[in-house]
Amino acid sequence: MDEWKRVAWSDESRFRIHHVDGRVRVRRLPCEQLLSSCTTGHTQAGGGGIMLWGTFSWAALGLVVVVEQTMKAANYLNIIADQLHLYMEFFFPTENRSFQQDNAPCLKARIVLEWFEEHTDEFHLTL
């Protein structure tokens, strides 16, 4: 249990107002599928959305960062370079610490893994 208290994670999520294709999906019972009262209008544009990235651990939640673009390796590298150092230093100042990430392609990109190799003295990366 003590080892898990020294691990931090991060994740990103996209929240959309409408689906990209602009269609509104409605759940109906089988007997309702042809009723005119169950129809909906169409959305002209794809709506809007936001992507957020955050860090969390046993100790605390980190800052939530708005991702301005899609999450690609370069964008992820900028976020972790700006945010991960601060989080790890603040919440794990003297302990042996680890950062665990999932297997998303942008997180396993060469430039990202090289950055983590350069910072192995600060924290251990777990995939």
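The preceding data block contains the structure.
Residues numbered from 1 in each chain as written. Predicted model: local features only at pLDDT ≥ 70, side-chain atom pairs only at ≥ 80, totals over all residues. Heavy atoms only, no water.

Trainee: Whenever I open this one, the packing of aromatic side chains confuses me. Can you help?
Mentor: Each aromatic ring pair is summarised here by two numbers: the centre-to-centre distance and the angle between the ring planes. Applying the stated criterion across every chain yields a total of 9 aromatic pairs. Centre to centre, the rings of Trp9 and Phe56 are 6.1 Å apart; their planes meet at 20 degrees, and the pair counts as stacked. Placement of Trp9 in strand β1 (residues 7-16) and of Phe56 in strand β2 (residues 49-57) is noted, with a sequence separation of 47 residues between them. In this structure Phe56 comes out as partly exposed when scored by relative accessible area, which is 34%. Plain terms: the ring middles of Phe99 and Phe116 are 5.7 Å apart, the flat faces sit at 15 degrees to each other, and that makes the pair stacked. Of this pair, Phe99 sits in strand β4 (residues 98-100) while Phe116 is found in helix α2 (residues 110-118), placing the two residues 17 residues apart along the sequence. (Phe/Tyr/Trp six-rings, centres within 6.5 Å; stacked < 30°, edge-to-face > 60°. Helix = DSSP H or I, 4+ residues; strand = E, 2+ residues; numbered from the N terminus. Buried < 20%, exposed > 50% of the residue type's maximum accessible area, 1.4 Å probe, protein only.)

Trainee: I would appreciate a short explanation of the side chain of Thr55 in the present structure.
Mentor: Checked against the element boundaries, Thr55 lands in strand β2. Exposure remark for Thr55: the relative accessible area of 4% places this residue in the buried category.

Trainee: Sorry if this is basic, but what is going on with the pairing of β2 here?
Mentor: It is a general feature of regular strands that their side chains alternate between the two faces of the sheet. The sheet contact formed by β1 and β2 spans 9 bridges and is antiparallel. Looking at β2, one finds that Arg14 is bridged to Met51. The pairing of β2 with strand β3 (residues 61-67) spans 5 bridges and is antiparallel. If you follow Trp53 over to β3, its bridge partner there is Val65. (Pairing = 2+ DSSP bridges.)

Trainee: So what exactly am I meant to see when it comes to the packing of helix α1 (residues 73-91) against α2 here?
Mentor: Between two packed helices, both the angle of their axes relative to each other and the distance between the axes serve to describe the pair. Closest axis-to-axis distance for the α1/α2 pair is 9 Å, and the angle between their directions is 20 degrees. In terms of axis orientation, α1 runs roughly parallel to α2. Within the contact between the two elements, α1 uses Ala73, Ala74, Tyr76, Leu77, Ile80, Ala81, Leu84 and His85 and α2 uses Ile111, Val112, Trp115 and Phe116. Looking at side-chain class alone, the contact of α1 with α2 contains 11 nonpolar, 1 polar and no charged residues. (Axes fitted to C-alpha atoms, helices over the stretch in contact; angles between N-to-C directions. Parallel < 35°, antiparallel > 145°, perpendicular 65-115°, else oblique. Contact = heavy atoms within 4.5 Å. Nonpolar A, V, L, I, M, F, W, Y, C, P; charged D, E, K, R; others polar.)

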